[in-house]
Amino acid sequence: MKFTLKVWRQTANPKDTGRFRTYEASDISPDTSFLEMLDIVNERLIERGDDPIAFDHDCREGICGTCGCVVNGFAHGHQEGTTLCQLHMRSFDDGQIIWIEPWRARAFPVITDLMVDRSAFDRIIQAGGFISIRTGSPPDGNAIPIPKDDADLAFEAAACIGCGACVASCPNASAMLFVSAKITQLGLVPQGQPERWDRVRTMVAAMEEAGFGACTNNGECEAACPKEIPMDLIARLNRDLACSLLKK
Amino acid sequence: MQLDPKIPEGPIAEKWDRAKFQLKLVNPANKRKYSVIVVGSGLAGASAAATLAELGYGVDCFCYQDSPRRAHSIAAQGGINASKNYQNDGDSDFRLFYDTIKGGDYRSREANVYRLAQLSGNIIDQCVAQGVPFAREYGGLLANRSFGGAQVSRTFYARGQTGQQLLLGAYSALSRQIGLGNVKMHTRTEMLDLVVTDGRARGIVVRDMLSGEVRSHAADAVILATGGYSNVFYLSTNAKGCNVTAAFRAYKRGAAFANPCYTQIHPTCIPVTGEHQSKLTLMSESLRNDGRIWVPKEAGDRRPPGEIPPEDRDYYLERRYPSFGNLVPRDVASRAAKKVCDEGRGVGETGLGVYLDFQTAMERLGEDAIRDKYGNLFHMYEKITAEDPYEVPMRIFPALHYTMGGLWVDYNLESTVAGLFVLGEANFSDHGANRLGASALMQGLADGYFVAPMTVGDFLARAGKSSLSTDSGDFKAAQTEVNEKIKKLLSIKGERTADSFHRELGKILWEHCGMARNAEGLSKALEQIPRLREEFWGNLKVLPGRNDQVNQTLERAGRVADFLEFAEVMVTDALSREESCGGHFREEHQTEEGEARRDDERFAHVAAWEFAGVGKPPVLHKEQLTFHEVSLTQRSYK
Ligand SMILES: Cc1cc2nc3c(=O)[nH]c(=O)nc-3n(C[C@H](O)[C@H](O)[C@H](O)COP(=O)(O)OP(=O)(O)OC[C@H]3O[C@@H](n4cnc5c(N)ncnc54)[C@H](O)[C@@H]3O)c2cc1C
Ligand code: SF4
Ligand code: FES
């Protein structure tokens, strides 16, 4: 297959505001993944002595959350429930023009080309996305039974890979889906109750401080999320936040 | 070099207790004065960093990803073992210990493995308390499933995302300590050297992957939890960034490398489709609980699987190993797949594949039950192959997956360099010549949560502060060496990319040091690798003149350079181990039925290799393994 790529290029120089560059990607097997296609383009760029396209990736199987770009306007590309590394070229048309851009959000500054700085997510978790338990002698695992339905929903929420597609797809660059996933996971289990109200306050405060926007219920996040984290978790977050303010 | 395993005295079940009593403690008020470097934020690194910080030590933690949450542990799918005996099916610490020793083909240290079994239950408790969403039964209690090499159900899991959930648990504990200011996290930072003065680890040299800055960090103890080296084969199930660099540079500074030839080839991975392939994807072993493995009886039978009637199918694992069936250990299952493919009975376009079929299970349990257990794995498979495993059987083939070999450590997880501790997949400790499924997560967390925090404390109490700053001569020298190497890589200006060398190295190793090895092939590899390395240093092409910002070609080139040196140590080890054991299968040493034949007389030892200088062959040291609790038999899963 053959594609024309329009790729966002931006150097680390703070004065560089970036631009699209055009590259031809020819002789691509339909079984190639999107990132492997970029590898091939890069190998050819290096052989020609050109600057290869910088992009983040690691596991290449949809679980580490490292990869991610906006492809033809969609975070992680057009396929539902898929990370960029799981997208395969057979899902594009031969000869198609493909626009590739980094996540764009005030809280995710571009580092270079397609790489962005997502450390704001780490800071939100550091603010309260945990259960304060020391390594030591917790109770026996089966001493805390959890109804299967709660456990299953907690698991669905815990599937978030922290990729940032929700932010990138949101017109307000809001991180509500990401935060709500953690709030839901920990708020549904008995172990998470003692810190429940503090947690929601500190995490939301950290989110606001990092410069993420407010949620206006656009729903783009749910559509872009590769782990299909549902939007109703945001309602849970809002409920918990309201309760926590009452309790304060 | 002295290899003292420091195994505590006393009956096996009491050793760890005795050790804990004998280990020196650091007074709580003094802990703050000590600093510890933890390289790696996977299960082993994150759990160690969090726990040491909770105890009061000052911790600096490093990883090459943009966040500690992305360490390769995140990709583990199937589960984690623990001898909880929640199923009341006869499990015990001793049984888990026995299965692990036997699964490792009697090439691991009894005392370490027993401790691992003893700690396994604590890990589950710890993770549950952190909020890790393990699978549960309708009554709300924890669920279990079976894994290869065991006849009890002791594997705890979170659908096909167990590693993710455990790592996020450890990451949350680590994040809490970062937030409290007890851990300083250095992301996008790659360790490129270890600094050793007077035989003691003093710190590390790192490169900031964003700015290119090379700098040093000093500490009173250094922990490496940098994962395994499967990527030496280029194609493996590991994440793209996994590397041997940190461990290998420590080896060059005096840490012995143990059993590098023990590599694990996982039987159930998605087959290779072409040259473009950059990595292989695992389909969790847990699938073998319900999936049945088969190939056509006749070589060259090209009918689609649905048209092959039962009588023309060979369920070869069930046939050859009736008591374990599809749940034989990985090494056995992988070799059996290779055998049927060598016989021309492999499936798929390349003939390098076997079927993993869920039809029987779906008829028995219903499609929904299968979806509930394996939904995300089926989904992942369909993404990659564009085939729906609910409709047609999966095609699978063995691939490089895990490395049992690693830096040599004693019972306290300390390497041959004082003050250098090695945890998780990066050490060689618990899995012998073959790791059982769901045991790596257990080992990483046992090392990080429970063992290292005790033994590192003991080291600090005995050795005191290091009091060597990064201005000292050895730090300066190591930093200069690192800078020189980077400069050299940037200056070659040849024709070939780092990836192309890596791919070629991978092919050499897969052919001669893969599922089956022999003296002739290994000797050939020992000629080919140095030639390739020479070409690398003369004909490499990386993006020149860019060491002051992101340069991913340079990062890759540095890792490939280390793989090219390390590969030689690995092949040397494989050649010198003239027996078959676990994942190391020497064709010269097999039984008439094609099973591995060990040579306990000559090889019941750990082979620890010492770096002897550039261009010199490494020096072999042996740690004799003695067995008091189990008797060495030929492993049988029939
Ligand atoms: C696909 C897959 C599935 C698996 N499934 C299971 C399973 O179901 N059950 C099971 O028990 N095991 C499983 N395993 C094995 C298990 O996941 C690993 O052995 C284990 O997670 C390794 O953990 P670790 O902490 O030792 O290393 P890793 O998680 O690999 O972490 C390594 C860390 O070191 C850092 N690092 C590496 N090099 C450097 C450097 N030079 N400088 C700075 N930092 C560095 C990395 O950034 C990372 O943080 C699986 C493995 C794979 C590949
Ligand atoms: S909620 Fe979804 S899109 Fe957002 S970070 Fe998590 S996985 Fe990514
Ligand atoms: S590279 Fe890990 S999710 Fe894509």
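Note that the structure is a prediction, hence the values are computed from the model and not measured.

1. Thoughts on the interface of chain B and chain A
So, point 1. Tallying the contact residues gives 75 residues for chain B and 76 residues for chain A.
So, point 2. Summed over both sides, the interface between chain B and chain A buries roughly 6,200 Å², with carbon and sulfur atoms accounting for 51% of that surface.
So, point 3. Per-residue buried area on chain B facing chain A is highest for B:R70, B:H276 and B:K383; these three make up 11% of the total on that side.
So, point 4. For the salt bridge of B:R188 with A:D56, the shortest nitrogen-to-oxygen distance reads 2.8 Å.
So, point 5. Here chain B and chain A share 45 residue pairs in polar contact (both at pLDDT 80 or more) between them.
So, point 6. Of all the secondary-structure elements, those providing two or more residues to the side of chain B that touches chain A are helix 3 (43-55), helix 5 (110-130), helix 6 (162-179), helix 11 (367-385), helix 12 (440-463), helix 14 (498-512) and helix 16 (552-576) of chain B.
So, point 7. If you tally residues by element for the side of chain B that touches chain A, the top one is helix 6 of chain B, at 9 residues.
So, point 8. For the side of chain B that touches chain A, the class distribution of residues is 26 nonpolar, 29 polar and 20 charged.

2. Regarding the site of ligand 1
So, point 1. Among the 38 residues in the neighbourhood of ligand 1, the closest are listed as B:Q65, B:S73, B:G78, B:M191 and B:E425.
So, point 2. Site remark: ligand 1 is flanked by residues from chains A and B.
So, point 3. Taking B:A44, its main chain carries an N or O atom lying 3.0 Å from an oxygen atom of ligand 1.
So, point 4. Between ligand 1 and B:L441, the relevant distance is 2.8 Å, taken from an oxygen atom to a main-chain nitrogen or oxygen of the residue.
So, point 5. With the chains in place, 98% of the 1,000 Å² that ligand 1 exposes on its own is no longer accessible.

3. Focus on empty space enclosed by the protein
So, point 1. Tallied over the full model, the rule gives 19 cavities of 30 Å³ or more.
So, point 2. Quantified by volume, the second largest cavity comes out at close to 480 Å³.
So, point 3. Lining of the second largest cavity is provided by 32 residues; of these, A:H57, B:K240, B:G241, B:E555 and B:R559 occupy positions nearest its centre.
So, point 4. Breaking the lining of the second largest cavity down by element, the ones donating at least two residues are helix 14 and helix 16 of chain B.
So, point 5. The residue inventory of the lining of the second largest cavity, partitioned by class, reads 11 nonpolar, 10 polar and 11 charged.

4. Focus on the pairing of strand 18 (residues 605-610) of chain B
All names here are of chain B.
So, point 1. Burial within strand 18 is extensive, with 5 of its 6 residues counted as buried.
So, point 2. The sheet contact formed by strand 10 (residues 257-258) and strand 18 spans 2 bridges and is antiparallel. Residue pairing for strand 18: A258 is matched across the bridge by A608.
So, point 3. Two elements, strand 18 and strand 19 (residues 619-624), share 6 bridges in a ladder whose sense is antiparallel. Paired with A607 across the two strands is K622, which belongs to strand 19.

Conventions and cut-offs
- Residues numbered from 1 in each chain as written.
- Chains lettered and ligands numbered in written order.
- Predicted model: local features only at pLDDT ≥ 70, side-chain atom pairs only at ≥ 80, totals over all residues.
- Heavy atoms only, no water.
- Contact = heavy atoms within 4.5 Å.
- Buried area = accessible area lost by both parts, 1.4 Å probe.
- Salt bridge = Lys/Arg side-chain N within 4 Å of Asp/Glu carboxyl O.
- Polar contact = N/O pair within 3.5 Å; in protein donor to acceptor, adjacent residues only side chain to side chain.
- Helix = DSSP H or I, 4+ residues; strand = E, 2+ residues; numbered from the N terminus.
- Nonpolar A, V, L, I, M, F, W, Y, C, P; charged D, E, K, R; others polar.
- Near = heavy atom within 4 Å.
- Areas by Shrake-Rupley, 256 points an atom, 1.4 Å probe, with all protein chains shown as cover.
- 1 Å grid on protein atoms, 1.4 Å probe; cavity = no way out; pocket = protein on both sides within 12 Å on 5 of 7 lines; lining within 4 Å.
- Points joined across faces, edges and corners; volume = space filled by probe spheres on them.
- Buried < 20%, exposed > 50% of the residue type's maximum accessible area, 1.4 Å probe, protein only.
- Pairing = 2+ DSSP bridges.

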